[in-house]
Amino acid sequence: MVKKLKLSEARILIYLNQAEPRYKYARRMSSKLNIDYGYLIGILNGLHSKKWLHKIKRGNKRFYELNKIAPINEAYDRRVVK
């Protein structure tokens with residue numbers, strides 16, 4: 001059973017798909033996507049629990065990368081619809 005992809009999740013997946021690796025941390029995403037930092041962290045944790053992304057810790061920052069099972073095509077379709 002596939003859950004419907006939320007618009008905020010779609011925005012994050014698209015950002016992670018397009019951004020350079022050095023910009024894939026939460027503060028940068030929050031600023032670029034104009035999403036509250038606390039809300040963004042909650043969404044990132046949800047995406048991590050769905051196994052759509054994984055976390056990488058480098059120094060004091062935690063970076064996020066997409067997994068191969070992340071629904072990128074559905075994210076782009078979701079962004080076009082709304």
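First, a word on scope: everything that follows refers to the structure included in this document.

Conventions and cut-offs
- Residues numbered from 1 in each chain as written.
- Predicted model: local features only at pLDDT ≥ 70, side-chain atom pairs only at ≥ 80, totals over all residues.
- Heavy atoms only, no water.
- Phe/Tyr/Trp six-rings, centres within 6.5 Å; stacked < 30°, edge-to-face > 60°.
- Helix = DSSP H or I, 4+ residues; strand = E, 2+ residues; numbered from the N terminus.
- Buried < 20%, exposed > 50% of the residue type's maximum accessible area, 1.4 Å probe, protein only.
- Lys NZ or Arg CZ within 6 Å of the ring centre and 35° of its normal.

This part takes up the packing of aromatic side chains. Enumeration over the complete set of coordinates arrives at 1 aromatic pair. Measuring from centroid to centroid gives 5.8 Å for Y25 and F63, while their planes differ by 80°, and the two rings are edge-to-face. With a gap of 38 residues between them, Y25 in the loop between helix 1 (7-18) and helix 2 (26-33) and F63 in strand 2 (residues 61-66) connect regions that are remote in the sequence. Since its relative accessible area comes to 18%, Y25 is described here as buried. F63 gets classed as buried once you look at its relative accessible area, which sits at 8%. Here the guanidinium or amino end of R58 rests over the ring plane of F63, the centre of that ring lying 5.0 Å away. Above the face of the Y25 ring, K61 is positioned so that its terminal group lies 4.0 Å from the ring centre.

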